[in-house]
Amino acid sequence: MTILAVVRHGPTHWNETGIVQGRSDIPLSETGRALVATWQTPAEFADYEWISSPLRRAVETATILRGTQPATDHRLVEMNWAEWEGMSLPDLRAQMGNLMKAWEAKGLDFRAPGGESPREVQDRLRPFLAERAGAGIPTVMVCHKGVIRALYAMAVSWDMTDKPPEKLHDNCAHTFRLESDGRPVPHMLNMPLTTPGA
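Since the structure is predicted, the reported quantities are computational estimates derived from the model, not experimental observations.

Basis of the calculations
- For every chain, the first residue of the written sequence is number 1, and numbering continues from 1 onward in sequence order.
- In keeping with the predicted nature of the model, local features appear solely for residues at pLDDT of at least 70, side-chain atom pairs appear and are counted solely at 80 or more, and the whole-chain, interface and lining totals rest on all residues.
- The basis for every side-chain value is the complete set of non-hydrogen atoms in the structure, without hydrogens or water.
- By definition, a salt bridge exists where a carboxyl oxygen of Asp or Glu is found within 4 Å of a side-chain nitrogen of Lys or Arg.
- Under the DSSP-based scheme used, a helix requires at least four consecutive residues in state H or I and a strand at least two consecutive residues in state E, with every element numbered from the N terminus.
- Only protein chains enter the calculation, and the probe is 1.4 Å; a residue is then buried if its accessible area is under 20% of its type maximum, exposed if over 50%, and partly exposed in between.
- The convention used is that axes are lines fitted to C-alpha atoms, helices contributing only their stretch in contact, and that angles between N-to-C directions extend from 0 to 180 degrees.
- Crossings are classed by handedness, with left-handed meaning an anticlockwise turn of the near helix from the far one by less than a right angle and right-handed meaning a clockwise turn.
- A contact between two residues is defined here by any heavy atoms of the two lying within 4.5 Å.
- In the scheme used here, Gly and all other residues not listed as nonpolar or charged are polar, with Ala, Val, Leu, Ile, Met, Phe, Trp, Tyr, Cys and Pro taken as nonpolar and Asp, Glu, Lys and Arg as charged.
- Residues belong to a common nonpolar core when they are buried Ala, Val, Leu, Ile, Met, Phe, Trp, Tyr or Cys residues joined through side-chain atoms within 4.5 Å.
- Two strands are counted as paired when DSSP detects at least two bridges linking them.
- Buried and open spaces are told apart on a 1 Å grid over the protein atoms alone, a cavity being a set of points where a 1.4 Å probe fits but cannot get out and a pocket being an open set with protein on both sides within 12 Å along at least five of seven lines. Residues with an atom within 4 Å of a point are the lining residues.
- Grid points are joined across faces, edges and corners, and a volume is the space filled by probe spheres set on the points.

Peer 1: Can you break down the pattern of salt bridges residue by residue, with the values?
Peer 2: The full count for this structure, using the stated rule, is 13 salt bridges. Where E30 meets R33, a salt bridge forms, and the shortest distance between an N and an O atom there is 2.8 Å. Here E30 and its partner R33 are both found in helix α2 (residues 30–38), 3 residues apart, which amounts to about one turn of the helix. Among the ionic pairs, R119 bridges to D109, the shortest N-O distance being 2.8 Å. Taken together, the positions of R119 in helix α6 (residues 118–135) and D109 in the loop between α5 (99–106) and α6 put the pair 10 residues apart, joining distant regions of the chain. A residue is classified by how much of its surface remains accessible, and R119, at 35% relative accessible area, is partly exposed. The class of D109 is partly exposed, set by a relative accessible area of 36%.

Peer 1: Any details on the packing of α2 against helix α3 (residues 56–66)? Residues and values, ideally.
Peer 2: The N-to-C vectors of α2 and α3 enclose an angle of 35°; their axes lie 9 Å apart at closest approach. Of the two possible hands of crossing, α2 and α3 adopt the one that is right-handed. Of the residues in α3, those in contact with R33, V36 and A37 of α2 are E60, T61, I64 and L65. Partitioned by chemical class, the residues of the contact of α2 with α3 number 4 nonpolar, 1 polar and 2 charged.

Peer 1: Summarise the nonpolar core; cite the residues concerned and give the values.
Peer 2: Grouped together as the largest cluster of nonpolar side chains are 35 residues, with contacts concentrated most on W81, M141 and L151. Within the residue set of this core, elements represented by two or more residues are β1 (2–8), α6, β4 (139–143), α7 (145–156) and β5 (172–178). Counting residues per element, this core draws most heavily on α7, which supplies 8 residues. Here L151 is in contact with L4, V6, L125, L129, M141, F176 and P184, once residues within four sequence places are set aside. In terms of nonpolar packing, the next biggest core, distinct from the first, is built from 17 residues, Y48, A62, L65 and L193 among them.

Peer 1: Got a sec to walk through the sheet that holds strand β6 (residues 184–192)? Specific residues and values, please.
Peer 2: The 6 strands lie next to each other as β3-β2-β4-β1-β5-β6, forming an open sheet whose pairing is mixed. Strands with a single pairing partner mark the edges of an open sheet, and in this sheet they are β3 (71–72) and β6. As judged from the 6 bridges shared by β5 and β6, these two strands associate in the antiparallel manner. In the strand pairing of β6, T175 is matched with M188.

Peer 1: Could you give an account of the layout of surface pockets, naming the residues involved and the relevant values?
Peer 2: Approximately 1000 Å³ is the volume found for the largest pocket. As for the largest pocket, its lining consists of 39 residues, and the residues nearest its centre are R8, W81, W103, K145 and R149. Looking at the lining of the largest pocket, the elements that each hand over two or more residues are α1 (13–16), α4 (89–96), α5, α7 and β5. Grouping the amino acids of the lining of the largest pocket by side-chain chemistry returns 17 nonpolar, 10 polar and 12 charged.

Peer 1: Outline α3, supporting the account with residue identities and numerical values.
Peer 2: Of the residues making up α3, those classed as buried are R57, A58, V59, E60, T61, A62 and L65. On its buried face, α3 sits against β1, α2, β2 (49–52), β3 and β4. Of the residues trailing α3, G67 is marked for its positive phi of about 90°.

Peer 1: For the environment of A5, give the residues involved together with the corresponding values.
Peer 2: For A5, the location among the structural elements is in strand β1. Residue class for A5 comes out buried when judged on its relative accessible area of 0%. Residues A5 and T139, 134 residues apart in the sequence, show an inter-C-alpha distance of 6.1 Å. Filtering out sequence-adjacent residues up to four positions away, A5 remains in contact with F45, Y48, T139, V140, M141, H174 and T175.

Structure (structure tokens):
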């Protein structure tokens, strides 16, 4: 059994102002860097291999947490929102109507025009997960909300047509057990990275 821990990057200015990021390479905001500097990862993560999405917000987050720049893997990049990237959520809702209803109607196959679906994110994650399981090396993966949701959906057989069995919170780490073929199984979810009162 191999443990995979996942951490979402800290906030960017686009996160803070409700702009769709996707693969746009936006750095952490000053507020985001300050927040990540307060996070404390579980002690056992110090012995794990750290791998990040190549996008700056993920690399910065991993570097602050680890103290050294991580290895990167293009398969961990955020879901491609294509022509919706750079749009504000209110503008997107004006164009789409009820965005959540539109997503839930298609679930894993919901896709921005010219973009990528959660199912396609899962397809690019599977070889990465199989490699990690085959190597048997505990790993911390610093990535993005869309990637984490796709991984969680794979782990619990959630088709994204309704609410998730358990909501995954930001400012938390989530761990999964990888079976020998790389299939993820939830281990410990919503492990806070901030201490009470921080």
